[in-house]
Amino acid sequence: VQLQASGGGLVQAGGSLRLSCAASGSIFSINAMGWYRQAPGKQRELVAAITSGGSTNYADSVKGRFTISRDNAKNTVYLQMNSLKPEDTAVYYCNALVVTTGPDRDYWGQGTQVTVSS
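Residues numbered from 1 in each chain as written. Predicted model: local features only at pLDDT ≥ 70, side-chain atom pairs only at ≥ 80, totals over all residues. Heavy atoms only, no water.

Draft legend 1. Spatial organisation of the pairing of strand E7 (residues 66-71). Of the two faces of E7, only one is covered, namely that formed by Phe66, Ile68 and Arg70; the face formed by Thr67, Ser69 and Asp71 stays uncovered. Connecting the antiparallel pair E7 and strand E8 (residues 76-81) is a turn made up of four residues, with asparagine 75 showing a positive phi of about 50°. (Buried < 20%, exposed > 50% of the residue type's maximum accessible area, 1.4 Å probe, protein only. Helix = DSSP H or I, 4+ residues; strand = E, 2+ residues; numbered from the N terminus. Pairing = 2+ DSSP bridges.)

Take a look at the structure:
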């Protein structure tokens, strides 16, 4: 299973970006999908997550600004980021909890850089 993330870039404060992450490979189904981020010198943190049924969870710092969604038919998760702030600058990683014949397995994308200038 591979996760391919895209959509990062450089944007001014107040701007918007949309991240996408597509899962491919031998996939029966995907349980939860999510986005994490890691800024320089900081630990990786959860940004947003979404279950296969559409329930969502957000970090307090992004509530009201970011929206996570997914297309189950395409095994793809999206993160719409609005009203971006310089403190949103980080490498963003997508994550998928893939259902297997054994225990569910975590997979990670390669990361995409988001830089917000002030």
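Draft legend 2. Seen up close, the pattern of salt bridges. Evaluated as defined, the whole model comprises four salt bridges. In this structure, the salt-bridge partner of glutamate 45 is arginine 37, at a minimum N-O distance of 2.7 Å. Here lysine 63 makes a salt bridge to aspartate 60, at a shortest N to O gap of 3.1 Å. If you follow the salt bridges from partner to partner, you end up with Arg37, Glu45, Arg65 and Asp88 in one network. (Salt bridge = Lys/Arg side-chain N within 4 Å of Asp/Glu carboxyl O.)

Draft legend 3. Structural context of the sheet that holds E7. Strand order across the open sheet formed by four strands is E1-E3-E8-E7, with antiparallel pairing between neighbours. Unpaired on one side and paired on the other, strand E1 (2-6) and E7 mark the two borders of the sheet. Going across the sheet, the axis of each strand differs from the next one's by a mean of 15°, ignoring polarity. With six bridges connecting them, strand E3 (residues 17-24) and E8 associate as antiparallel partners. Within E8, the position partnered with arginine 18 by the bridge is glutamine 80. (Axes fitted to C-alpha atoms, helices over the stretch in contact; angles between N-to-C directions.)

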